[in-house]
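Chain and residue survey
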Amino acid sequence: MSIAGILVIAGCSGNGSENTSDGGLKAPAANELVNGTPPTDGPAENGGILTINDTSDSPTLDPHKTGSAYTHLQVSGIVYSKLLEFKTGSDIPYGSMGVRGDLAETWDHSEDGTTWTFNLHKGVKWQNVAPVYGRAFTSADVACTINRIKTLPGVQKNLVDVVQSVETPDDNTVVFKLNTAYAAFDETMASFYMEILPCEGTSGAYDLATTAIGTGPFILQKWDRKVQKTYVKNPDYFVAGKPHLDGVNLIIQSDPAAAIAAFRTQQLDATGSITDTLLPTVISTNQDAVVRAQLGLIPTQMFVNSTVKPFDDIRVRKALAMAWDRSGMGDTFQGAGFALSGPFPSTLFGAMTPEQSTKIVPYDPAAAKKLLAEAGYPDGLSVELMTTDGYGPTVVNSAQWIQEDLKAIGVKTTLKIIDYATYFSTWQAKDYTLAVGLQTPFLTADEWLNATYRSNGPRNWYGTNDQKLDTMIDEQRGTLDRDEREKQLQDISTYIETNVLNPIMGYTYAGLLVTQPYVHNMYTHPQLARPYLADVWLDKDAPGRK
């Protein structure tokens, strides 16, 4: 997913891993160069078509009606813009949480953190597609977007629950009145979930599920479902001189072997579908391929429907967690490195370290068996284990590993492998019992907590309903003192691991970004958005320039 997203879904490199005392692996340096020499970044040349791939297609184009990473990956930052955006570039560390203006030129907040004012760029136009026809972008579009999220409710509802009202004193000014102090509201507005839509779309003048009209660098020209998306340069893009590319072809390609063949023959210019074990075969025929290992924010996770007995019992969930050899699995599958995760990734502010996570939830099959017996299952139990092949073979392999780990404590599972669209809708409907998959890479602790763990969270597809936890999550959001908030977040993590433990987090891992040596200025981010494509350019000898 993202090229950052593509890579974290499928990839892992085999360079520079180092065992740690807890049996895990030390994560690689951010944006570690594994092979090749990155080309110079300028001066940029205009023209050409960039071809990339994703492992699955988006189920819909409506970013408010689905949390599917593939929807946001395929429209956010490329078709739709946001008020703010995360910084990327040759001088920006991979995964930096620094923000820059996108549709907003400047922004500020009141001293008490409850009023945020965004001054919008002037002269921004919507893409010249019916029925919007290139009209001027105004503050009203921001208000329409936020109101639709709040009233649907959209999957971003947890991000805007803090918004009490949106004021538009003029066409180029938006004022957010918040119901509590919120120091991280700028990061929230940069989330890949916070695409800004035209009022025509939010009012139903056209179908947002099948048509995307934004202010971004590329126009979605054609969508061949489950085959390809074709984007063309937006001639009215508000950033002068960009994008450099004439267009982007996004190929839906679930088979890693097909991606390798396409990359070898330069039919793919960049991919994240190449795993550690397959990388040597790529380099053997593409010795100049530029390969970077990048530690992402998507955790491999096991999750249960805690409304279904016996998984409503914390002892059973803890037994499942203690039966899972997370370090062993990471050591086997993630050559580039991985980091064991608490309730949210260890690299985020306020998170548990991998060592803390291991201490609270150790790998201990004997203790897991004892917990099952205490819960009334001395002879174990049987359950269906759901997963999908939509992320590529790595997730299926992970499910098979977990299946064997659970078997060792008497939990017999029947593995059910389904397509991505069915898997996602089944998960969202809580029509499952036990599953293995990946989780969207939310970029802040608050987003993780409010989306996933809060009782009414839009991504709480696990049945968690803990009022004490809800109160703790609310309290940290309104804390402006950084040290105090960090302590609150760590306390919340401990509470979740002790009393909730759902989803059962495994680890985040490093993926591979593999690009042809003629691809310039591709600097990605763990978020599932592609604004960086506006900066990418191709050498004159690239296939896409011919």
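In this report, we go over the structure that sits alongside the text. Since the structure is predicted, the reported quantities are computational estimates derived from the model, not experimental observations.

**What to know about the overall build of the chain**
A count of helical and extended segments in the chain gives 17 helices and 20 strands. Its C-alpha radius of gyration of 23 Å places the chain within 12% of the 24 Å reference for a compact globule of 546 residues. In terms of its C-alpha atoms, the chain occupies a principal-axis envelope of roughly 70 × 55 × 40 Å. For the chain, buried positions account for 61% of its 546 residues. By sequence separation, contacts in the chain at least 24 residues apart represent 72% of the contacts at least 6 residues apart. In the chain, 43 side chains carry a positive charge and 61 a negative one; their mean positions are 3 Å apart.

**Quick word on the sheet that holds strand β7 (residues 163-170)**
Strands pair in a sheet through their backbones, by hydrogen bonds, and they do so in one of two ways: parallel or antiparallel. Spatially, β5-β6-β8-β7 is the arrangement adopted by the four strands of the open sheet, whose pairing is antiparallel. Taken across any chain shown, the strands that pair with only one partner, and hence form the sheet edges, are β5 (104-109) and β7. Across the sheet, the mean angle separating the axes of adjacent strands is 20° when strand polarity is ignored. Inspection of the sheet shows strand β6 (residues 115-120) paired to strand β8 (residues 173-178) by five bridges, in the antiparallel sense. By the bridge assignment, Trp-116 is partnered in β8 with Phe-176. Against the sheet, helix α3 (residues 139-151) contacts β6, β7 and β8, and its axis sits at roughly 165° relative to β7.

**What to know about the state of the cysteines**
In the structure shown here, the tally under the stated rule is one disulfide. Between the sulfur of Cys-144 and that of Cys-199 lies a disulfide, 2.2 Å long from S to S. One disulfide, between Cys-144 and Cys-199, carries an S-S torsion of 95° and so falls in the right-handed class. Taken together, the positions of Cys-144 in helix α3 and Cys-199 in helix α6 (residues 199-202) put the pair 55 residues apart, joining distant regions of the chain. What makes Cys-144 partly exposed here is its relative accessible area of 23%.

**A few points about the sheet that holds strand β11 (residues 247-252)**
With mixed pairing, the four strands of this open sheet are ordered in space as β2-β11-β10-β9. Because the sheet does not close on itself, it has two edges, and the strands there are β2 (49-54) and β9 (218-224). Here the strands of the sheet are splayed against their neighbours by 20° on average, with no regard to which way each runs. Note: strand β10 (residues 228-233) against β11, five bridges, orientation antiparallel. The residue of β11 that forms the bridge with Gln-228 is Ile-251.

**Remarks on the packing of aromatic side chains**
Considering all chains together, one arrives at 25 aromatic pairs under this definition. Measuring from centroid to centroid gives 4.7 Å for Phe-303 and Trp-427, while their planes differ by 25°, and the two rings are stacked. Taken together, the residues Phe-303 in strand β13 (residues 290-304) and Trp-427 in helix α14 (residues 420-428) connect sequence positions 124 residues apart. Ring centres of Tyr-391 and Tyr-420 lie 5.6 Å apart, and the angle between their planes is 70°; on these two criteria the pair is classed as edge-to-face. Linking Tyr-391 in the loop between β15 (381-388) and α13 (393-407) with Tyr-420 in helix α14, this pair joins segments that are 29 residues apart in sequence. The two residues Tyr-391 and Tyr-420 agree in class, both being buried. Grouped by ring-pair contacts, the aromatic residues Tyr-70, Phe-303, Tyr-391, Tyr-420, Tyr-423, Phe-424, Trp-427, Tyr-432, Trp-461 and Tyr-462 constitute a single cluster. In this structure, Arg-477 packs its charged tip against the face of Tyr-182, placed 4.9 Å from the ring centre.

**Overview of the pattern of salt bridges**
All chains considered together, the criterion is met by 14 salt bridges. The shortest N-O distance in the salt bridge between Asp-54 and Arg-530 comes to 2.8 Å. Residue Asp-54 is found in strand β2, and its partner Arg-530 is found in the loop between β19 (519-520) and β20 (537-538); the two are separated by 476 residues along the sequence. Each member of the pair, Asp-54 as well as Arg-530, is classed as buried. The salt bridge partner of Asp-312 is Lys-309, with a shortest N-O separation of 2.9 Å. According to the relative accessible area criterion, Asp-312 is partly exposed, its value standing at 39%. Among the residues examined, Lys-309 registers a relative accessible area of 66% and is labelled exposed. Among the charged side chains, a salt-bridge network with shared partners connects Arg-135, Asp-141 and Glu-200.

Calculation rules
- Residues numbered from 1 in each chain as written.
- Predicted model: local features only at pLDDT ≥ 70, side-chain atom pairs only at ≥ 80, totals over all residues.
- Heavy atoms only, no water.
- Helix = DSSP H or I, 4+ residues; strand = E, 2+ residues; numbered from the N terminus.
- Rg over C-alpha atoms; globule rule 2.2 N^0.38 Å.
- Buried < 20%, exposed > 50% of the residue type's maximum accessible area, 1.4 Å probe, protein only.
- Contact = heavy atoms within 4.5 Å.
- Lys, Arg positive; Asp, Glu negative; His and termini not counted.
- Charge placed at Lys NZ, Arg CZ, Asp CG, Glu CD.
- Pairing = 2+ DSSP bridges.
- Axes fitted to C-alpha atoms, helices over the stretch in contact; angles between N-to-C directions.
- Disulfide = S-S within 2.5 Å.
- Phe/Tyr/Trp six-rings, centres within 6.5 Å; stacked < 30°, edge-to-face > 60°.
- Lys NZ or Arg CZ within 6 Å of the ring centre and 35° of its normal.
- Salt bridge = Lys/Arg side-chain N within 4 Å of Asp/Glu carboxyl O.

These values are about where atoms sit, not about what they do.
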